[in-house]
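Commentary on secondary and tertiary structure
Now for the letters of each chain:
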Amino acid sequence: EAGVTQSPTHLIKTRGQQATLRCSPISGHTSVYWYQQALGLGLQFLLWYDEGEERNRGNFPPRFSGRQFPNYSSELNVNALELEDSALYLCASSWLDRGRVGANVLTFGAGSRLTVL
Amino acid sequence: QKEVEQDPGPLSVPEGAIVSLNCTYSNSAFQYFMWYRQYSRKGPELLMYTYSSGNKEDGRFTAQVDKSSKYISLFIRDSQPSDSATYLCAMSEASGSARQLTFGSGTQLTVLP
């Protein structure tokens, strides 16, 4: 079974440019999460998409946005890049049956490393 | 105050040592507690998870939850150099959309041969 795949692996941009990162979840998973992991910091929650809708958003400015497609894949867009946006961006997927109680186990991809010069 | 606090380390131990990694939290509604391991330049992978209070053992790893103290631990017995990684605790409430995970900042562990 294929895991969570992310592309590109590495991306180098300059300040003010836009970056687009992509994520394909595990087959059958309908929820996609985006996290930012800057050097020396933990996972900072960015966005959560489920069934094509944005369910929750972390404490990030509006220039961080995304969407989820009908096939449950997702993309993260970062506009007007700043130097501090340099980080590893992790995508995770899960199957979240909102009608049930249970552990929400996330499976992560390997990440996309964004460098802003 | 952060919702989940985790000592960032770094923690360095000799091979064969018992390692104790810990997190504290403030949200009493958290019911699921997880430990993820992240190797350098990789995404985190789930090690194990527990529900509510108690212990859970999986090979050399034991997860412990004390909800009365809002304190969770991961013990690694007979640590190996291959255990060198960053360990992240994560937790969530039990139902519905509140099952979104909240992560600790991670503890970097090095096991020396």
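The shown structure was predicted, so the numbers you read here are calculated from the model rather than taken from an experiment.

1. Remarks on the overall build of chain A
Helix and strand content of chain A: zero helices and 11 strands. Reading the secondary structure of chain A in the N-to-C direction produces β-β-β-β-β-β-β-β-β-β-β. Relative to the 2.2 N^0.38 estimate, which gives 13 Å for 117 residues, the radius of gyration of chain A is 14 Å and therefore close to what a compact globule would have. With respect to the three principal axes, the spread of C-alpha positions in chain A is 45 × 30 × 30 Å. Looking at chain A residue by residue over its 117 residues, the buried ones come to 49%. Residue pairs in contact within chain A that sit at least 24 positions apart in sequence constitute 55% of those at least 6 positions apart. Of the roughly 5600 Å² of accessible surface on chain A, 48% is carried by carbon and sulfur atoms. Across chain A, the centroid of the 10 positively charged side chains sits 5 Å from that of the 10 negatively charged ones.

2. Focus: the overall build of chain B
Of regular secondary structure, chain B possesses zero helices and 11 strands. For chain B, the N- to C-terminal ordering of α and β elements is β-β-β-β-β-β-β-β-β-β-β. By the compact-globule yardstick of 13 Å for 113 residues, chain B fits well, its C-alpha radius of gyration being 14 Å. C-alpha extents for chain B along the principal axes are approximately 45 × 30 × 25 Å. Classification of the 113 residues of chain B by burial places 45% in the buried group. Put simply, of all contacts in chain B between residues at least 6 apart along the chain, 54% involve residues at least 24 apart. As presented, chain B carries roughly 5200 Å² of accessible surface, and 46% of it is formed by carbon and sulfur atoms. The positive charge centre, built from 10 side chains, and the negative charge centre, built from 11, are 5 Å apart in chain B.

3. A closer look at the state of the cysteines
In the structure shown here, the tally under the stated rule is two disulfides over all chains. One disulfide bridge connects A:Cys23 with A:Cys91, the sulfur atoms lying 1.8 Å from each other. Handedness here is read from the sign of the S-S torsion; for A:Cys23 and A:Cys91, about -65°, the answer is left-handed. With A:Cys23 in strand β3 (residues 19–24) and A:Cys91 in strand β9 (residues 87–94), the pair connects residues that are 68 residues apart, well separated along the chain. By relative accessible area, which is 2% here, A:Cys23 ends up buried. Linked covalently through their sulfurs, B:Cys23 and B:Cys89 form a disulfide whose S-S length is 2.0 Å. One disulfide, between B:Cys23 and B:Cys89, carries an S-S torsion of -105° and so falls in the left-handed class. With a gap of 66 residues between them, B:Cys23 in strand β3 (residues 19–25) and B:Cys89 in strand β9 (residues 85–92) connect regions that are remote in the sequence.

Conventions and cut-offs
- Residues numbered from 1 in each chain as written.
- Chains lettered and ligands numbered in written order.
- Predicted model: local features only at pLDDT ≥ 70, side-chain atom pairs only at ≥ 80, totals over all residues.
- Heavy atoms only, no water.
- Helix = DSSP H or I, 4+ residues; strand = E, 2+ residues; numbered from the N terminus.
- Rg over C-alpha atoms; globule rule 2.2 N^0.38 Å.
- Buried < 20%, exposed > 50% of the residue type's maximum accessible area, 1.4 Å probe, protein only.
- Contact = heavy atoms within 4.5 Å.
- Areas by Shrake-Rupley, 256 points an atom, 1.4 Å probe, with all protein chains shown as cover.
- Lys, Arg positive; Asp, Glu negative; His and termini not counted.
- Charge placed at Lys NZ, Arg CZ, Asp CG, Glu CD.
- Disulfide = S-S within 2.5 Å.

Shape is all these values report; function is a separate question.
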